Amino acid sequence: MDEHPNSHDVGDHSGYTETGNTRVTILEDLLSENDRVADDNGKRFAAAGVRAVNLMSSPGAGKTTLLRKTLEHLGHSLRIGVLEGDIATTLDADRLEGSGAAAISVVNTSAGFGGECHLDAVMVRSGIDRLPLTELDLLIIENVGNLVCPAEFRVGEDSRAMVFSVTEGEEKPLKYPVMFRAADVVAVNKIDLLPHLDFDLDAFYLNLTSVNPSARIIMASARTGEGVDEWCDWLSSQGAAV
Amino acid sequence: MHELSICSAIADAAARHADGRSVSQVTVQIGHLRQVVPDALQFSWEVVATTTAEELTKADLIVEEVPAVVECPSCGARTTLEMPILACGSCGTFEVTLVSGEELRVVSIDLVDA
(Lines give C-alpha, C1' and ligand atoms only; values in the text may rest on other atoms or scores of the structure.)
Protein backbone atom coordinates (compact mmCIF):
# COMPACT_ATOMS: atom_id res chain seq x y z
CA MET A 1 0.00 0.00 0.00
CA ASP A 2 1.34 3.41 -0.92
CA GLU A 3 2.65 5.63 1.87
CA HIS A 4 1.75 8.86 0.12
CA PRO A 5 -1.50 8.39 -1.76
CA ASN A 6 -1.81 11.95 -2.99
CA SER A 7 1.40 11.67 -4.96
CA HIS A 8 0.88 8.02 -5.59
CA ASP A 9 2.31 6.26 -8.56
CA VAL A 10 -0.42 3.99 -9.76
CA GLY A 11 1.37 3.29 -12.98
CA ASP A 12 3.89 5.05 -15.14
CA HIS A 13 2.02 7.76 -16.98
CA SER A 14 4.65 9.01 -19.37
CA GLY A 15 6.96 7.67 -21.99
CA TYR A 16 6.79 4.13 -23.38
CA THR A 17 4.65 1.28 -22.16
CA GLU A 18 5.67 -2.37 -22.02
CA THR A 19 4.03 -2.96 -25.39
CA GLY A 20 6.12 -0.19 -26.95
CA ASN A 21 3.16 2.13 -27.37
CA THR A 22 3.58 5.80 -26.55
CA ARG A 23 1.84 6.88 -23.37
CA VAL A 24 0.60 10.45 -23.39
CA THR A 25 -0.20 11.97 -20.02
CA ILE A 26 -3.44 13.94 -20.04
CA LEU A 27 -4.64 14.46 -16.44
CA GLU A 28 -7.92 15.99 -17.53
CA ASP A 29 -10.74 16.20 -15.04
CA LEU A 30 -13.93 14.70 -16.50
CA LEU A 31 -16.14 17.36 -15.06
CA SER A 32 -13.84 20.14 -16.23
CA GLU A 33 -16.37 21.46 -18.72
CA ASN A 34 -19.15 21.50 -16.14
CA ASP A 35 -16.84 23.10 -13.59
CA ARG A 36 -15.72 25.73 -16.09
CA VAL A 37 -19.33 26.75 -16.69
CA ALA A 38 -20.02 26.56 -12.93
CA ASP A 39 -17.15 28.98 -12.31
CA ASP A 40 -18.57 31.30 -14.99
CA ASN A 41 -22.00 31.16 -13.36
CA GLY A 42 -20.36 31.97 -10.01
CA LYS A 43 -18.62 34.99 -11.51
CA ARG A 44 -21.91 36.24 -12.95
CA PHE A 45 -23.56 35.89 -9.55
CA ALA A 46 -20.73 37.77 -7.86
CA ALA A 47 -20.73 40.53 -10.47
CA ALA A 48 -24.49 40.99 -9.99
CA GLY A 49 -24.23 40.93 -6.18
CA VAL A 50 -26.37 37.78 -5.91
CA ARG A 51 -25.75 34.92 -3.49
CA ALA A 52 -26.81 31.56 -4.94
CA VAL A 53 -28.03 28.62 -2.88
CA ASN A 54 -28.36 25.13 -4.39
CA LEU A 55 -31.38 23.52 -2.69
CA MET A 56 -31.42 19.73 -2.82
CA SER A 57 -33.43 16.89 -1.37
CA SER A 58 -35.19 13.67 -2.23
CA PRO A 59 -38.55 14.00 -4.01
CA GLY A 60 -41.28 15.01 -1.58
CA ALA A 61 -39.11 16.19 1.31
CA GLY A 62 -40.74 19.61 1.15
CA LYS A 63 -38.42 21.88 -0.83
CA THR A 64 -41.17 23.73 -2.66
CA THR A 65 -43.43 24.14 0.39
CA LEU A 66 -40.51 25.42 2.44
CA LEU A 67 -39.58 27.69 -0.42
CA ARG A 68 -43.07 29.11 -0.54
CA LYS A 69 -42.98 29.83 3.20
CA THR A 70 -39.54 31.37 2.74
CA LEU A 71 -40.72 33.72 0.03
CA GLU A 72 -43.69 34.79 2.17
CA HIS A 73 -41.40 35.57 5.12
CA LEU A 74 -38.43 37.06 3.31
CA GLY A 75 -39.74 38.28 -0.03
CA HIS A 76 -40.46 41.76 1.31
CA SER A 77 -36.96 42.34 2.70
CA LEU A 78 -34.82 40.48 0.18
CA ARG A 79 -35.16 40.32 -3.58
CA ILE A 80 -35.28 36.58 -4.08
CA GLY A 81 -35.08 34.83 -7.42
CA VAL A 82 -35.90 31.16 -7.89
CA LEU A 83 -34.57 28.82 -10.54
CA GLU A 84 -36.86 25.81 -10.65
CA GLY A 85 -35.31 22.55 -11.87
CA ASP A 86 -37.56 19.61 -12.69
CA ILE A 87 -37.59 16.79 -15.19
CA ALA A 88 -41.04 17.85 -16.31
CA THR A 89 -43.83 20.36 -15.63
CA THR A 90 -43.82 23.88 -14.25
CA LEU A 91 -45.84 22.76 -11.22
CA ASP A 92 -43.28 23.94 -8.65
CA ALA A 93 -43.01 27.36 -10.25
CA ASP A 94 -46.82 27.54 -10.42
CA ARG A 95 -47.04 26.81 -6.69
CA LEU A 96 -44.67 29.68 -5.97
CA GLU A 97 -46.60 32.24 -7.98
CA GLY A 98 -47.69 35.21 -5.91
CA SER A 99 -45.69 34.27 -2.82
CA GLY A 100 -43.08 37.00 -3.04
CA ALA A 101 -40.45 35.89 -5.50
CA ALA A 102 -38.90 38.74 -7.47
CA ALA A 103 -38.38 36.44 -10.44
CA ILE A 104 -38.84 32.76 -11.27
CA SER A 105 -37.14 30.83 -14.05
CA VAL A 106 -37.93 27.24 -14.94
CA VAL A 107 -35.47 24.70 -16.28
CA ASN A 108 -37.01 21.45 -17.47
CA THR A 109 -34.22 18.95 -17.82
CA SER A 110 -36.08 16.89 -20.38
CA ALA A 111 -35.53 16.80 -24.11
CA GLY A 112 -38.50 14.75 -25.31
CA PHE A 113 -39.10 11.72 -23.13
CA GLY A 114 -37.26 11.48 -19.84
CA GLY A 115 -34.65 13.96 -18.74
CA GLU A 116 -31.61 14.55 -16.61
CA CYS A 117 -32.08 13.69 -12.96
CA HIS A 118 -30.06 16.65 -11.72
CA LEU A 119 -29.20 20.19 -12.69
CA ASP A 120 -25.77 20.80 -14.11
CA ALA A 121 -23.91 24.06 -14.69
CA VAL A 122 -24.99 24.35 -18.33
CA MET A 123 -28.68 23.98 -17.46
CA VAL A 124 -28.35 26.54 -14.69
CA ARG A 125 -26.64 28.93 -17.10
CA SER A 126 -29.64 28.72 -19.44
CA GLY A 127 -31.92 29.37 -16.47
CA ILE A 128 -30.07 32.42 -15.22
CA ASP A 129 -29.91 33.88 -18.74
CA ARG A 130 -33.62 34.50 -18.21
CA LEU A 131 -33.31 36.11 -14.78
CA PRO A 132 -32.64 39.78 -13.96
CA LEU A 133 -29.65 38.96 -11.76
CA THR A 134 -28.74 42.55 -10.96
CA GLU A 135 -32.23 42.99 -9.50
CA LEU A 136 -31.79 40.10 -7.05
CA ASP A 137 -30.09 39.67 -3.68
CA LEU A 138 -30.56 35.92 -3.35
CA LEU A 139 -31.08 33.16 -5.91
CA ILE A 140 -32.45 29.82 -4.77
CA ILE A 141 -31.79 27.03 -7.24
CA GLU A 142 -34.35 24.34 -6.50
CA ASN A 143 -32.68 21.20 -7.82
CA VAL A 144 -34.38 18.05 -9.11
CA GLY A 145 -35.57 15.81 -6.26
CA ASN A 146 -32.77 13.25 -6.04
CA LEU A 147 -30.40 12.18 -3.25
CA VAL A 148 -27.67 10.91 -5.55
CA CYS A 149 -26.68 12.94 -8.58
CA PRO A 150 -27.15 16.64 -7.75
CA ALA A 151 -24.30 16.45 -5.24
CA GLU A 152 -21.88 15.59 -8.05
CA PHE A 153 -22.51 18.69 -10.15
CA ARG A 154 -21.42 22.13 -9.07
CA VAL A 155 -23.54 24.76 -10.74
CA GLY A 156 -21.82 27.92 -9.50
CA GLU A 157 -23.60 28.17 -6.16
CA ASP A 158 -22.16 29.87 -3.06
CA SER A 159 -23.70 27.37 -0.69
CA ARG A 160 -25.69 24.16 -0.64
CA ALA A 161 -28.75 23.39 1.43
CA MET A 162 -30.62 20.15 1.91
CA VAL A 163 -34.19 19.60 2.94
CA PHE A 164 -34.61 16.29 4.72
CA SER A 165 -37.98 14.96 5.87
CA VAL A 166 -38.37 13.02 9.12
CA THR A 167 -40.49 10.57 7.13
CA GLU A 168 -37.35 9.44 5.29
CA GLY A 169 -35.64 7.51 8.06
CA GLU A 170 -32.72 8.28 10.34
CA GLU A 171 -30.26 6.05 8.41
CA LYS A 172 -30.39 8.10 5.20
CA PRO A 173 -27.15 10.07 5.82
CA LEU A 174 -25.27 6.75 5.88
CA LYS A 175 -26.98 5.55 2.72
CA TYR A 176 -26.42 8.78 0.78
CA PRO A 177 -23.19 10.10 2.27
CA VAL A 178 -22.06 12.12 -0.74
CA MET A 179 -25.24 14.20 -0.74
CA PHE A 180 -25.35 14.74 3.03
CA ARG A 181 -21.67 15.61 3.04
CA ALA A 182 -22.23 18.23 0.35
CA ALA A 183 -24.72 20.23 2.41
CA ASP A 184 -23.81 23.33 4.42
CA VAL A 185 -27.19 23.21 6.14
CA VAL A 186 -29.83 20.51 6.54
CA ALA A 187 -33.39 21.61 7.19
CA VAL A 188 -35.04 18.67 8.98
CA ASN A 189 -38.61 19.12 7.79
CA LYS A 190 -42.08 17.85 8.69
CA ILE A 191 -41.30 17.77 12.41
CA ASP A 192 -45.02 18.25 13.01
CA LEU A 193 -45.33 14.57 12.04
CA LEU A 194 -42.89 13.32 14.70
CA PRO A 195 -45.62 12.15 17.12
CA HIS A 196 -46.85 9.78 14.37
CA LEU A 197 -43.45 8.35 13.49
CA ASP A 198 -40.77 6.17 15.06
CA PHE A 199 -38.08 8.54 13.81
CA ASP A 200 -34.97 8.33 16.01
CA LEU A 201 -33.71 11.91 16.12
CA ASP A 202 -30.59 11.07 18.17
CA ALA A 203 -29.59 8.40 15.68
CA PHE A 204 -30.17 10.85 12.83
CA TYR A 205 -27.89 13.48 14.44
CA LEU A 206 -25.22 10.86 14.96
CA ASN A 207 -25.49 9.59 11.39
CA LEU A 208 -25.47 13.07 9.89
CA THR A 209 -22.56 14.35 11.95
CA SER A 210 -20.51 11.28 11.14
CA VAL A 211 -20.70 12.00 7.40
CA ASN A 212 -20.81 15.78 7.80
CA PRO A 213 -19.50 17.15 11.12
CA SER A 214 -19.93 20.79 10.14
CA ALA A 215 -23.47 20.81 8.72
CA ARG A 216 -25.87 23.23 10.40
CA ILE A 217 -29.09 21.45 11.37
CA ILE A 218 -32.39 23.34 11.46
CA MET A 219 -35.52 21.60 12.76
CA ALA A 220 -38.53 22.81 10.82
CA SER A 221 -42.07 22.31 9.68
CA ALA A 222 -42.91 24.16 6.50
CA ARG A 223 -46.55 23.40 7.19
CA THR A 224 -46.80 24.85 10.71
CA GLY A 225 -44.04 27.43 10.26
CA GLU A 226 -41.87 26.11 13.10
CA GLY A 227 -38.16 26.70 12.42
CA VAL A 228 -38.90 28.77 9.32
CA ASP A 229 -37.51 31.90 11.00
CA GLU A 230 -34.22 30.16 11.73
CA TRP A 231 -34.12 28.84 8.15
CA CYS A 232 -34.81 32.34 6.82
CA ASP A 233 -32.08 33.76 9.05
CA TRP A 234 -29.62 31.33 7.53
CA LEU A 235 -30.77 32.27 4.02
CA SER A 236 -30.56 35.99 4.84
CA SER A 237 -26.98 35.55 5.94
CA GLN A 238 -26.34 33.98 2.54
CA GLY A 239 -28.06 36.90 0.85
CA ALA A 240 -25.82 39.49 2.46
CA ALA A 241 -23.86 41.52 -0.05
CA VAL A 242 -20.44 40.11 -0.90
CA MET B 1 -24.33 6.97 -11.96
CA HIS B 2 -24.13 8.56 -15.38
CA GLU B 3 -21.43 6.19 -16.52
CA LEU B 4 -22.51 6.65 -20.14
CA SER B 5 -22.04 10.42 -20.11
CA ILE B 6 -18.81 10.00 -18.18
CA CYS B 7 -17.59 7.63 -20.92
CA SER B 8 -18.57 10.22 -23.51
CA ALA B 9 -16.45 12.76 -21.67
CA ILE B 10 -13.57 10.26 -21.48
CA ALA B 11 -13.89 9.54 -25.21
CA ASP B 12 -13.93 13.25 -26.07
CA ALA B 13 -10.81 13.94 -24.03
CA ALA B 14 -9.01 10.89 -25.44
CA ALA B 15 -9.91 11.62 -29.07
CA ARG B 16 -8.88 15.25 -28.70
CA HIS B 17 -5.45 14.30 -27.38
CA ALA B 18 -5.06 11.41 -29.82
CA ASP B 19 -5.32 13.91 -32.64
CA GLY B 20 -6.03 11.33 -35.33
CA ARG B 21 -3.69 8.63 -34.00
CA SER B 22 -5.00 5.20 -32.97
CA VAL B 23 -5.46 4.62 -29.23
CA SER B 24 -4.85 1.23 -27.61
CA GLN B 25 -5.67 2.16 -24.04
CA VAL B 26 -7.26 4.95 -22.01
CA THR B 27 -6.45 5.12 -18.32
CA VAL B 28 -8.79 6.88 -15.89
CA GLN B 29 -8.74 7.42 -12.13
CA ILE B 30 -11.98 7.10 -10.20
CA GLY B 31 -11.92 7.97 -6.51
CA HIS B 32 -13.90 5.78 -4.12
CA LEU B 33 -16.00 8.75 -3.01
CA ARG B 34 -17.32 9.39 -6.50
CA GLN B 35 -20.67 7.85 -7.31
CA VAL B 36 -19.28 5.96 -10.30
CA VAL B 37 -19.38 2.18 -10.66
CA PRO B 38 -16.30 0.81 -12.50
CA ASP B 39 -18.20 -2.20 -13.95
CA ALA B 40 -20.89 0.08 -15.34
CA LEU B 41 -18.14 2.29 -16.75
CA GLN B 42 -16.59 -0.67 -18.61
CA PHE B 43 -19.96 -1.62 -20.01
CA SER B 44 -20.67 1.92 -21.20
CA TRP B 45 -17.16 2.23 -22.63
CA GLU B 46 -17.78 -0.71 -24.96
CA VAL B 47 -20.63 1.25 -26.49
CA VAL B 48 -18.96 4.65 -26.52
CA ALA B 49 -15.52 3.59 -27.76
CA THR B 50 -16.98 2.00 -30.90
CA THR B 51 -19.30 4.89 -31.72
CA THR B 52 -17.35 8.05 -30.95
CA ALA B 53 -14.20 8.26 -33.03
CA GLU B 54 -12.22 5.98 -35.35
CA GLU B 55 -9.14 6.40 -33.12
CA LEU B 56 -10.88 4.77 -30.16
CA THR B 57 -12.50 1.69 -31.67
CA LYS B 58 -9.75 -0.61 -30.34
CA ALA B 59 -9.09 1.26 -27.10
CA ASP B 60 -9.38 -0.55 -23.77
CA LEU B 61 -10.47 1.38 -20.71
CA ILE B 62 -8.30 0.90 -17.66
CA VAL B 63 -9.91 2.12 -14.45
CA GLU B 64 -7.59 2.88 -11.55
CA GLU B 65 -9.66 3.02 -8.39
CA VAL B 66 -8.27 5.54 -5.94
CA PRO B 67 -8.91 4.87 -2.25
CA ALA B 68 -10.43 7.51 -0.01
CA VAL B 69 -7.71 8.63 2.38
CA VAL B 70 -8.01 11.22 5.15
CA GLU B 71 -5.29 12.96 7.10
CA CYS B 72 -5.76 14.02 10.71
CA PRO B 73 -4.42 17.48 11.67
CA SER B 74 -4.57 16.49 15.36
CA CYS B 75 -2.55 13.28 15.45
CA GLY B 76 -1.07 13.25 11.94
CA ALA B 77 -2.36 9.81 11.05
CA ARG B 78 -3.57 8.89 7.57
CA THR B 79 -6.56 6.57 7.33
CA THR B 80 -7.84 4.71 4.30
CA LEU B 81 -11.62 4.68 4.49
CA GLU B 82 -13.65 1.51 4.10
CA MET B 83 -16.90 3.47 4.38
CA PRO B 84 -17.58 7.06 3.33
CA ILE B 85 -17.34 8.29 6.91
CA LEU B 86 -14.53 10.77 7.20
CA ALA B 87 -12.97 10.06 10.56
CA CYS B 88 -9.44 9.49 11.81
CA GLY B 89 -8.75 5.81 12.33
CA SER B 90 -6.33 6.59 15.17
CA CYS B 91 -7.92 9.26 17.35
CA GLY B 92 -11.52 9.15 16.04
CA THR B 93 -11.96 12.84 15.27
CA PHE B 94 -14.19 13.84 12.37
CA GLU B 95 -12.12 16.98 11.76
CA VAL B 96 -9.99 15.46 9.02
CA THR B 97 -8.90 16.57 5.57
CA LEU B 98 -9.47 14.49 2.49
CA VAL B 99 -6.22 13.55 0.77
CA SER B 100 -7.56 11.37 -2.05
CA GLY B 101 -10.77 9.74 -3.15
CA GLU B 102 -12.56 12.36 -5.25
CA GLU B 103 -10.68 11.85 -8.49
CA LEU B 104 -12.64 11.63 -11.72
CA ARG B 105 -10.16 12.13 -14.51
CA VAL B 106 -8.50 10.82 -17.64
CA VAL B 107 -4.88 10.18 -16.74
CA SER B 108 -3.30 9.04 -19.99
CA ILE B 109 -3.81 7.48 -23.38
CA ASP B 110 -1.57 4.90 -25.05
CA LEU B 111 -1.06 5.52 -28.75
CA VAL B 112 -0.42 2.66 -31.15
CA ASP B 113 2.88 3.35 -32.84
CA ALA B 114 2.30 3.14 -36.55
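Residues numbered from 1 in each chain as written. Chains lettered and ligands numbered in written order. Predicted model: local features only at pLDDT ≥ 70, side-chain atom pairs only at ≥ 80, totals over all residues.

Focus on the sheet that holds strand β2 (residues 60–66) of chain B
Part 1: Within the open sheet, the five strands sit side by side as β1(A)-β2(A)-β6(B)-β1(B)-β2(B). Their pairing is mixed. Across the chains shown, the open sheet's two edge strands, defined by having one partner strand only, are β1 (15–16) of chain A together with β2 of chain B.
Part 2: With seven bridges joining them, strand β1 (residues 23–31) of chain B and strand β6 (residues 104–111) of chain B adopt antiparallel strand pairing. By the bridge assignment for β6 of chain B, Ile-30 of chain B is matched with Leu-104 of chain B.
Part 3: Running over the sheet, helix α2 (residues 38–52) of chain B touches β1 and β2 of chain B and is turned about 165° from β2 of chain B. (Pairing = 2+ DSSP bridges. Helix = DSSP H or I, 4+ residues; strand = E, 2+ residues; numbered from the N terminus. Contact = placed C-beta atoms within 7 Å. Axes fitted to C-alpha atoms, helices over the stretch in contact; angles between N-to-C directions.)

Side note on the environment of Val-185 of chain A
Part 1: Inspection of the secondary structure puts Val-185 of chain A in strand β8 (residues 185–189).
Part 2: Here Val-185 of chain A is in contact with Ala-161, Ala-215, Arg-216, Ile-218 and Trp-234 of chain A, once residues within four sequence places are set aside.

Looking at the confidence of the model for chain B
Part 1: On average, residues of chain B score 92 in pLDDT, and 99% of them reach the 70 mark or higher.
Part 2: Two numbers describe this predicted complex: its pTM, 0.86, and its ipTM, 0.87. (pLDDT = per-residue confidence, 0-100.)

A word on the nonpolar core
Part 1: If you look at the biggest cluster of nonpolar residues, it comprises 61 residues, and the most contacted ones within it are Ile-141 and Ala-187 of chain A.
Part 2: Contact partners of Ala-187 of chain A, with chain neighbours within four places excluded, come to Leu-66, Ala-161, Val-163, Phe-164, Ile-218, Ala-220 and Trp-231 of chain A.
Part 3: Of all hydrophobic cores here, the second largest spans 28 residues; its members include Ala-9, Ala-13, Ala-18 and Leu-104 of chain B. (Core = buried A, V, L, I, M, F, W, Y, C linked by C-beta atoms within 7 Å. Buried ≥ 20, exposed ≤ 12 C-beta atoms within 10 Å, placed from the backbone.)

Focus: the packing of helix α1 (residues 32–48) of chain A against helix α4 (residues 121–128) of chain A
Residues and elements named next belong to chain A.
Part 1: α4 packs onto α1 with a crossing angle of 30° between their chain directions and a minimal axis gap of 8 Å. Taken together, the axes of α1 and α4 lie roughly parallel to each other. α1 and α4 meet at a crossing whose hand is left-handed. Contact residues: α1 offers Asn-34, Val-37, Ala-38, Asn-41 and Arg-44, while α4 offers Ala-121, Val-122, Val-124, Arg-125 and Ile-128.
Part 2: Per-class residue counts for the contact of α1 with α4 are six nonpolar, two polar and two charged. (Parallel < 35°, antiparallel > 145°, perpendicular 65-115°, else oblique. Left-handed = near helix turned anticlockwise from the far one by under 90°. Nonpolar A, V, L, I, M, F, W, Y, C, P; charged D, E, K, R; others polar.)

Comments concerning the pairing of strand β3 (residues 51–57) of chain A
Residue and element names in this part refer to chain A.
Part 1: Across the seven residues that make up β3, a large majority, seven, are buried.
Part 2: Pairing of β3 with strand β6 (residues 138–142), which is carried by five bridges, proceeds in the parallel orientation. By the bridge assignment, Leu-55 is partnered in β6 with Glu-142.
Part 3: Sheet analysis places β3 next to strand β7 (residues 159–165), joined by five bridges and oriented parallel.

Details of unusual backbone geometry
Part 1: In the Ramachandran plot, Lys-190 of chain A falls in the positive-phi region, its phi being about 70° despite a non-glycine side chain.
Part 2: Checked against the element boundaries, Lys-190 of chain A lands in the loop between β8 and α7 (201–211).

Thoughts on the sheet that holds strand β3 (residues 69–71) of chain B
Residue and element names in this part refer to chain B.
Part 1: Taken in spatial order, the three strands of this open sheet run β4-β3-β5, and their pairing is antiparallel. Looking along the sheet, the strands with just one partner apiece sit at the ends: β4 (78–80) and β5 (97–100). Mean inter-strand twist for the sheet, computed between neighbouring axes without regard to direction, equals 30°.
Part 2: Where β3 and β5 come together, three bridges link them in antiparallel fashion. Looking across to β5, one finds that Val-69 is bridged to Ser-100.

A word on the packing of helix α1 (residues 3–18) of chain B against α2 of chain B
All names here are of chain B.
Part 1: Where α1 contacts α2, the axes come no closer than 8 Å and their chain directions differ by 50°. If you check the angle between α1 and α2, you find them oblique. Crossing angle aside, the handedness with which α1 passes α2 is right-handed. Contact with α1, carried on its side by Glu-3, Leu-4, Ile-6, Cys-7, Ser-8, Ala-11 and Ala-15, involves Ala-40, Leu-41, Ser-44, Trp-45, Val-48, Ala-49 and Thr-52 of α2 and no other residues of that element.
Part 2: In terms of residue class, the contact of α1 with α2 is made up of 10 nonpolar, three polar and one charged.

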